[in-house]
Amino acid sequence: MSRIGVFVCHCGSNIAGTVDISQVLEASKDLPNVVLAADNKYTCSDQGQQAIKDAIVEHGLDRIVIGCCSPRMHELTFRKMLTQTDLNPYMLEIANIREQCSWVHKDKEVGTPKAIGLMKMAVAKVDRDRPLFTMNIPVNKRALIIGGGIAGMQAALDIADAGYPVTIVETTPSLGGKMVMLDKTFPTMDCSACICTPKMADVGSHPNITMKTLSEVEKIGGYVGNFEVTIRERAKYIDYDKCTGCGLCETKCPVKVESEFDQGMGMRKAIYKPFAQAVPAKPTIDAAHCRYLNEGKCKVCSKVCPLGCINYEDQDKVSTEVYGAIIVAMGYKLINWADIYAEYGGGRYSDVITGLQFERLVNASGPTEGHIIRPSDGAEPKSVVIVKCVGSRDPEKGRSYCSRACCMYGAKHAHQYLDKVPGGKCYVFYMDVRTPGKGYDEFYMNTQHDGAQYLRGRVSKIYEQNGKLICKGEDTLSGQQVTVEADMVVLETAMVPADDADRIGAMLGITRDKDLWLSEAHPKLRPVETNSGGVYLAGTCQGPKDIPDTVAQASAAAMKVAILFSKDELESNAMIASSDPAICNGCGACVAICPYQAITLEEVEMRENSMKVIRPISKVNPGLCQGCGACTVACRPGAMDLRGFTDEQIMREVEALCQW
Amino acid sequence: MSDIQTTLRTRAAELLSSGEVVEVIGWTAGRFDNQTTPAFITKAEDAESLVFNEYCVNTTSKFSLMERGLGKVAVCVRGCDSRGINRMITDNQLKREEVHLIGIPCTGMKDRKTGEELLKCRECSYRNPVVYDELIGESVTEPELNRFDAVEKLEAMDQAERAAFFDSVYERCIRCYACREVCPVCTCKSCFVDQLAAGWQGKRSNVAENKFYGLTRVFHVGDRCVECGECQRACPMDLPLMLLNRKMIKDLDLLFEAGEAGLDAEGTNPLGTYDVNDVEEFM
Ligand SMILES: Cc1cc2nc3c(=O)[nH]c(=O)nc-3n(C[C@H](O)[C@H](O)[C@H](O)COP(=O)(O)OP(=O)(O)OC[C@H]3O[C@@H](n4cnc5c(N)ncnc54)[C@H](O)[C@@H]3O)c2cc1C
Ligand code: SF4
Ligand code: SF4
């Protein structure tokens, strides 16, 4: 026989306003095994907690029910309170009679009986509570960061400055991501490279940071505090210990390839450093294009290299290491507009370019040394059309969401064009102008004052006529069809998740939202956490955002890691699944359904029909299990049960509710 | 058929005397001419008692589980039996190397009481075994049929008709669990109906509890059902048990392209598959 104490909270008038507390007490005091039913004005206050602690001693209670606010609010508070008593902190059930009752009802006639029903369920459940215990998991205080854009770099620097070792993995040959490709950044118009490259240099030289460029995360196992990660560093064909980055090899290499960094607007060599300030500041050989590696003849670079750094036999290096926390900062890519917007020429017109190509075009160290000229003939465009929301807010062809940065960088591009081409005409087709940010609206207003003409509507067609690009669209403000002749068109295209996001997300058990961005644990209260413990998100991999928001999120994620690393050991979750080997038949349904790969099957010898047989039996890894309960539902014989939410407890709750 | 029986007896004796297997699971004569009963032959000299005729109504697959631990066992498998074996391998209940499969193409079995072909055989589209180690007899051509005929009739009913129909079905159920015992997919060591502490299922036999059993059963087996129809044959009250199973199979195929279970040992559980890339429309 258990000895249950029931405590009902008024929460001032929050609960008492729509629930008749005395009736709830009356109904609770005679429920099976209840030895005390008491109320309190504010149970979470010091006095309220003291009253419960006193009652536990006075009435010899062995478990309690508190009717109060949501368990999300104060379950932890009350568990902590129980640690100061003789009771196990899990001998507690919360009946949510506030958020799910008093707040959603207007009068006591409805609120009171519902509160009584909720109390009955909680009493029925607490009767089957068992003491639960946590385990201690060691924390490896080393962080892994996936992605070397501004988000990844900021997070790496913050964690490294807090004193913890960090490894940053970047797929391309250099750190920097998109930011280092930009010319200037809105709204202050500071040079993007000038604020980005010092960070790259800091990351490259920080004693706590190990940088792995041209690298990929191949496999991730383990759990918070103990992730086992396999990283493949692709062959660079150059001995970085010897190379000084003199660049002689690059000048002599005979192979020219379109530069990814310049977005196809300029060329690079097969042995190359993607851009002057790249970090690491040393070249790599692009194996797909190197003449020697493909045709067996050339070796020019190795002949000119004064230090003998070139090694055509170089191999990928694969290593496995343990990390305590992982930050995903793999950024975004731009939507492949040419495939979906045939009406804009589908990529046939070389003077229809993307915003990122425009960034390279206006950049003083870009392929045109900052001269705005048309890719087709090198002439200065006298009129430019900027089209916003290409692929954004277009559920039919692209994505339904807003890409958030394009209104601002669209204005930036208009401003830069008008600044560099005096007398030029600039038209901006827009759906809305969204400028929430410090100094953002002022920036947009200035662009209009500069002379940018904003036309509200989508461009429906772009075609070439007599060397001009004819843009047809609707001005929805005047209700008229408009036709604008342009020398060049800039498409501000939608941000979409990076190519590898599904693979990385799947390995880490991060869910994805309807637009396939990696999902945070809670959109408001846990914006940098994921549903996997020890895994955090930073920057645009979680959704479109500009640089200030990216950096803020990166520092927030770094802080979460620092908090995690401030402890030597973690308490594991006590409310996890476990399977009963006497019932488990090893079907593996739980293994397939667990989103955290927490369950394995292990073969054990047992006796069945008086014979020895080998049968697989499921086993839950307590470090990986997040207590979601998916497995308990998938398990047909009910071998798998969730501690704190056992099948039996839920059935008792349902029963109590049915009797109500 | 008598050819098959002769070869079967010879092969069974050979397999047993060579020590390749410790037991042969098949059928032997029953009390009446039009009846057989499952046989578990362990001595070569007893192989003569094996029988194969049009009254071998029992599905053999589930019996192989009872014999686990003895050593390698030979099992006579027709299409239905072989799909059950495959599914038990998928469900980790059996290892392929634990059984030697004697494949027997089948032309349908008869109902002892009416002399007509059994319903489960009339609805069968896999008369040839889908997996075997050796084949006795010539393969037969598979019939063309729509196994969802009855399901379509059910779907055509309006809600009241359907409710009345299921009431009339489950009124008759006596909850003997024969369906569970013979099912090659019901392989839990402990069935939910027997778990008194959790109390999933009431012990009373009434329409409501019986329906609850029927519905839960279809959710537990429907996505893996190999359509051997043995539950329906075993039911002493003649309940149309395959109807709900086939409704589930039809719907799962429509929604998830689930296909047919037990055609190989690599099957999945359509109702129990989690994919992180499942779009979370409700979030
Ligand atoms: C045309 C244009 C102009 C813009 N102008 C401005 C502006 O003026 N001001 C402003 O605030 N914002 C601007 N933005 C937005 C800005 O680009 C982003 O906010 C910022 O770059 C986001 O940084 P990030 O680190 O999240 O992503 P990214 O810059 O995309 O960095 C992600 C990094 O991760 C790497 N990566 C990807 N996958 C993997 C993997 N599997 N493993 C390892 N590494 C991986 C990538 O190679 C990349 O280096 C502009 C955007 C565009 C398109
Ligand atoms: S409760 Fe079950 S499904 Fe959920 S994480 Fe734990 S083991 Fe996996
Ligand atoms: S689902 Fe249940 S029976 Fe199957 S392996 Fe998991 S715990 Fe065991």
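*Asks:* How would you sum up the site of ligand 3? Please name residues and give values.
*Replies:* Within the structure, ligand 3 sits among 13 residues, and Cys-584, Asn-585, Cys-587, Cys-590 and Cys-635 of chain A are positioned closest to it. Grouping the constituent residues of the shell around ligand 3 by class yields nine nonpolar, four polar and no charged.

*Asks:* Could you give me a rundown of the domain arrangement of chain B, with the residues and numbers involved?
*Replies:* Residues and elements named next belong to chain B. Per the domain assignment, the segments of chain B are domain 1 (2-135) and domain 2 (149-272). Across the contact, 22 residues belong to domain 1 and 27 residues belong to domain 2. Carbon and sulfur atoms supply 47% of the area that domain 1 and domain 2 bury against each other, a total of about 2000 Å² over both sides. Among the residues domain 1 hides against domain 2, the three largest losses belong to Lys-62, Arg-83 and Arg-87. Together they make up 35% of the total. Across the contact surface, domain 1 and domain 2 share three salt bridges. Residue Glu-123 is joined to Arg-246 by a salt bridge in which the shortest nitrogen-to-oxygen separation is 2.7 Å. Only α3 (79-90) and α4 (119-122) provide two or more residues apiece to the side of domain 1 that touches domain 2. Considering each element in turn, the side of domain 1 that touches domain 2 owes the most residues, eight residues, to α3. Split into classes, the residues belonging to the side of domain 1 that touches domain 2 amount to nine nonpolar, seven polar and six charged.

*Asks:* Which residues make up the state of the cysteines, and what are the values?
*Replies:* All names here are of chain A. Inspection of every chain in the model, using the stated rule, returns one disulfide over all chains. Residue Cys-191 pairs covalently with Cys-194 via a disulfide, S to S 2.3 Å. Disulfide Cys-191-Cys-194: the torsion about the S-S bond is 90°, which places it as right-handed.

*Asks:* Describe in detail the environment of Ile-599 of chain A, supporting the description with residues and values.
*Replies:* Residues and elements named next belong to chain A. Examined against the element boundaries, Ile-599 turns out to sit in strand β32 (residues 599-608). In the structure, Ile-599 is positioned 538 residues away from Leu-61 in sequence and 37 Å away in space, judged by C-alpha atoms. Not counting the four nearest positions on each side in its chain, Ile-599 is found in contact with Cys-590, Val-591, Cys-594, Ser-618, Lys-619, Val-620, Cys-631 and Met-640.

What counts and what doesn't
Residues numbered from 1 in each chain as written. Chains lettered and ligands numbered in written order. Predicted model: local features only at pLDDT ≥ 70, side-chain atom pairs only at ≥ 80, totals over all residues. Heavy atoms only, no water. Near = heavy atom within 4 Å. Nonpolar A, V, L, I, M, F, W, Y, C, P; charged D, E, K, R; others polar. Domains from an automatic or database assignment. Contact = heavy atoms within 4.5 Å. Buried area = accessible area lost by both parts, 1.4 Å probe. Salt bridge = Lys/Arg side-chain N within 4 Å of Asp/Glu carboxyl O. Helix = DSSP H or I, 4+ residues; strand = E, 2+ residues; numbered from the N terminus. Disulfide = S-S within 2.5 Å.

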